[in-house]
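Coordinates in review
Residue-level listing of the chains:
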Amino acid sequence: MEIKCIIVDDEALAREGLKKYIKTFDFLSLIATCHNVASARETLETTPVDLMFLDINMPKISGLHLLETLSDPPMTILVTAYPDYALDGFRLNVLDYLLKPLSLQRFTQSVLKAQDYFRARQQPIAAPQAPVTDYIFVKHKQVYEKVMLSDVLFVESMQNYVLIQTIHTKIIAYLTFKNVEQQLPADSFLRIHKSYIVNLQQVSKLDSNMVQVGGHTLPVSRSQRELLMQVVNKRLLSK
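One structure accompanies this document, and this report is about it. Residue numbers restart at each chain and count upward from 1, following the sequence in its written direction. Confidence filtering applies because this is a predicted model: local features only for residues at pLDDT of at least 70, side-chain atom pairs given and counted only at 80 or more, and all residues used for totals across whole chains, interfaces and linings. Calculated side-chain values reflect all of the structure's heavy atoms, with hydrogen atoms and water omitted.

This part is about helix H2 (residues 37-46). Partly exposed residues are those whose accessible area sits between 20% and 50% of the maximum for their type, while under 20% is buried and over 50% is exposed, using a 1.4 Å probe and protein chains only. Each helix is a run of DSSP H or I of at least 4 residues and each strand a run of E of at least 2, with the numbering of both proceeding from the N terminus. Among all positions in H2, only Val37, Ser39, Ala40, Thr43 and Leu44 are buried. One side of H2 carries all its buried residues, which in axial view fall inside an arc of 160°. Across from the buried face of H2, at angles greater than 90 degrees, the exposed residues are Ala38, Glu42, Glu45 and Thr46. Contacts are residue-level and defined by heavy atoms, with any inter-residue pair within 4.5 Å sufficient. Buried residues belonging to H2 abut strand E1 (3-8), strand E2 (28-34), strand E3 (51-54) and helix H3 (63-69). Under the rule applied, a polar contact is a pair of N or O atoms within 3.5 Å (in protein, one hydrogen donor and one hydrogen acceptor; residues adjacent in sequence only if both atoms are side-chain atoms). Where H2 begins, the side chain of asparagine 36 points an oxygen toward the backbone nitrogen of alanine 38, at a separation of 3.3 Å. Note: the arc covers the axis-to-C-beta directions of the helix.

DSSP calls a pair of strands paired once it identifies at least 2 bridges connecting them. What the five strands build is an open sheet, ordered E2-E1-E3-E4-E5; its pairing is parallel. Looking along the sheet, the strands with just one partner apiece sit at the ends: E2 and strand E5 (96-99). Strand after strand, the sheet turns through a mean of 20° between neighbouring axes, direction not considered. Bridge count for strand E4 (residues 75-80) against E5 is four bridges, and the pairing is parallel. Among the inter-strand pairings, isoleucine 77 is bridged to a residue of E5, identified as aspartate 96. Sheet strands touched by helix H1 (residues 12-22): E1, E2 and E3. Its angle to E2, the strand with the most contacts, is close to 170°. The angle between two axes is taken between their N-to-C directions and runs from 0 to 180 degrees, where each axis is a line fitted to C-alpha atoms and a helix contributes only its stretch in contact.

So yeah, pure geometry; function would need other evidence.
Rendered as structure tokens:
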């Protein structure tokens, strides 16, 4: 993963020293050296730059002024002979602050930090996942009752009501069968008949005409047989 970098320093000797160090790292690609802020700004406006090695004390305009006025600055490592500007540097979120004369060991620590930061920025941001819903609330006898989806055996249509049969009890609620079907997770619940939705996790036996769930035998309609068998075949042991 190549990191495109530039050097901004008014001292020729300092620029040459940084060039030499940069060449020792395969992941660093030096695309420009600038002797003042004006040339650095021109480079930054016309060329993609990932990392900037920036001197502070330069004629006319300082490196800090350049950093403060960039709308989208690259990763920046300050390289200076003056320790007095450290607080200013970190206020501007620089990656590191190196003091001249610069040792290869200290330079190495700094560019490895830049490499880690660069890699982290290249990682795609995962889309937020919808929270897993493992329960619902059902209005029953003027109260809202919490029902764990894993406890539901089946849902039965009763004209303007539905009967929700769980492991523990049955709940009759003023709901439409269609709305209940739409709100139950499709990976666990399947409509097997115009009047029944079953929890596939609770089915103990089945054939093309019926399913058995929690001691209840429910019919399977012709229109839903193929869909039910497709679900079964995904889990069917075979030779």
